[in-house]
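Remarks on the overall topology
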Amino acid sequence: MNKALKTLQDRGFIKECTNMDALSALMDKESVTFYVGADPTGKSLHIGHMVPFFAMHHLQLAGHNPIALVGGGTAMIGDPSGKTEVRKMLTPEEVASNCASIKEQLGTVVDFSETPPAGVGKAVMLNNADWLTNLNYIDFLREIGRHFSVNRMLTFESYKARLERGLSFIEFNYQLLQSYDFLTLYREHGCRLQIGGDDQWGNIVAGIDLIRKTESAECYGLTFNLIARSDGQKMGKSEKGAVFLDPELYTPYDFYQYWRNVNDEDVIRFLKLFTFLSLEEIATYEQEGVNINDAKARLAYEQTKIIHGVEEAEKAKAAALAMFGSASAGIENREGMNFLEVERSELEAGIPVLTLFARTDLASTNSDARRLVNGGGAWVGETKITDPKAMIDLSYLDEVGEILLRAGKKRYFRIMVR
RNA sequence: GGAGAGGUUCCCGAGUGGCUAAAGGGGGCAGACUGUAAAUCUGCUGGUUAUACCUUCGAAGGUUCGAAUCCUUCUCUCUCCA
């Protein structure tokens, strides 16, 4: 098998391939241009979206040329694959602004530089709005539409859920558009391979068929395992909602903590998928007698480094050590922690605990804070708060002149005095 | 166009005039147990200047001492027929 493909397989990416032998041979022979699509349905990608892009990273290093396709056009339609609900329609403005921020985020794992290092593939980013938005309906139907069999489309597994609940024509068209994307990329960029999540299988195969019919050319598809946590929860979801890459939506500290707390069974798998550590190095964490917490810390650090950079990763790691490490680890390492500044005068007068907690991420409202106190999970410094009416004043400042709030055992929030 | 079913709190889903801030489950938060894990058990889970008050059951009106529950109009979804 081709080395790059072998890498993906060894790291646990691959689910299915349309023709593994032929693709392998092609990749041995030449640099293959390949693409992954990402729909800009939100302001930020979350980690569940990233699997194909990590795969893209590995293929690029092996000298193949990635195309990251932002679906500025298809996002206007909505992919019904594997979904049970109709997706909310986005305005053109929302789509455009989402595209812009997503471009930036993909840069963390894929090298889009003009002149990549020797041996590394050249990556580009395209937006299918460029060729989709001005399509002429009649022309499109005559050129593309005639190659699609409705009978066949209806048998696709990916539509099954929707056929039970209703599928509107606009969404039914999604597959044609995605196929047309592949065709366009083949024609204009010589793209021979589409990779994507397992839910994209139907759409990918449809694109390959279209290219075969219109261009008499053979292209390939490769899908990846949909990443689920061992507890069955969807990847990328957390207590706080989706684990976004945007630091505004999901702070680097929380991001680090998310990975730090993955299930035991998931650690090795995630190290392979979501970090660039060599398989040999990852193997050392599988050995007998290795503390699994070290593996989790490594996973959290590496992943945070990739997405948010070394600096943020160090800060998050230091903050985590300070909070969860030995008691003497020091209180200096709070940098990565979320914080709030309050006026000194305010603190002199005293702030009701409930109000203070409600102003942090620890509680959303006063009522929420009250629940926390009543449940015995509210801490100010080393003091457990049991009275909802308690006032927090200067006497609670610790030796560095700050207040450390805590909800439960793991959630900390730093109060700084201005 | 015609007929029917339906829109309930984060999600699913009970609820057909007062005892309903609304059963149950999921999810989430907290407590116990731990390893910053999982599983398990317990409590909580609309808001507020909090033993009371305010806002919620697609939207707007109406009936009533009192409505998520009844009536009217509107709106959206689904199913069947043409």
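For the structure given in this document, a descriptive report is provided here. (Residues numbered from 1 in each chain as written. Chains lettered and ligands numbered in written order. Predicted model: local features only at pLDDT ≥ 70, side-chain atom pairs only at ≥ 80, totals over all residues. Heavy atoms only, no water.)

Structural notes on the sheet that holds strand 14 (residues 402–407)
Where strands meet in a sheet, backbone hydrogen bonds hold them as pairs that are either parallel or antiparallel. The following threshold applies: Paired strands are those between which DSSP finds at least two bridges. Here a strand is any run of E in DSSP of at least two residues, a helix any run of H or I of at least four, and the numbering for each starts at the N terminus.
An order of 9-15-14-11-12 is seen for the five strands of this open sheet, with the pairing classed as mixed. On the outer flanks of this sheet lie strand 9 (339–342) and strand 12 (383–384), each paired with one strand and no other. As paired elements, strand 14 and strand 15 (residues 411–417) share six bridges and run antiparallel to each other. Counted as the bridge partner of Arg406 is Tyr412 from strand 15.

Describing helix 10 (residues 174–189)
As a reminder, the rule being used: Here the expected span of a helix is defined as 1.5 Å times the quantity of residues minus one. Exposure classes here rest on a 1.4 Å probe applied to the protein chains alone. A residue is buried below 20% of its type maximum, exposed above 50%, and partly exposed in between.
A rise of 1.5 Å per residue sets the reference length of helix 10, with its 16 residues, at 22 Å; its end C-alpha atoms lie 22 Å apart and thus fit the reference within 8%. Across the 16 residues that make up helix 10, a large majority, 13, are buried.

What about the side chain of Asp39?
Spelled out, the test is: The definition of a polar contact used here is a pair of N or O atoms within 3.5 Å, where within protein one atom must be able to donate a hydrogen and the other to accept one, and adjacent residues in sequence count solely through side-chain atom pairs.
Structurally, Asp39 can be placed in the loop between strand 2 (33–38) and helix 3 (51–61). Within polar-contact distance, the side chain of Asp39 engages the side chain of Thr74 at 3.4 Å. In terms of polar contacts, Asp39 uses its side chain to reach the side chain of Tyr174, at 2.9 Å.

Side note on helix 4 (residues 92–106)
Rule in force here: The directions from the helix axis to the C-beta atoms are what the arc is built from. Should any heavy atoms of two residues lie within 4.5 Å, those residues are counted as being in contact.
Taking 1.5 Å as the rise per residue, helix 4 with 15 residues should run 21 Å; its terminal C-alpha atoms sit 21 Å apart, in good agreement. Three or more residues of helix 4 are buried, namely Val95, Asn98, Cys99, Ile102, Gln105 and Leu106. All buried residues of helix 4 fall inside an arc of 125 degrees around its axis, so they share one side. Of the exposed residues in helix 4, those oriented more than 90 degrees away from the buried face are Glu93 and Glu104. The inward-facing, buried residues of helix 4 contact helix 3, strand 3 (65–70) and strand 4 (124–127).

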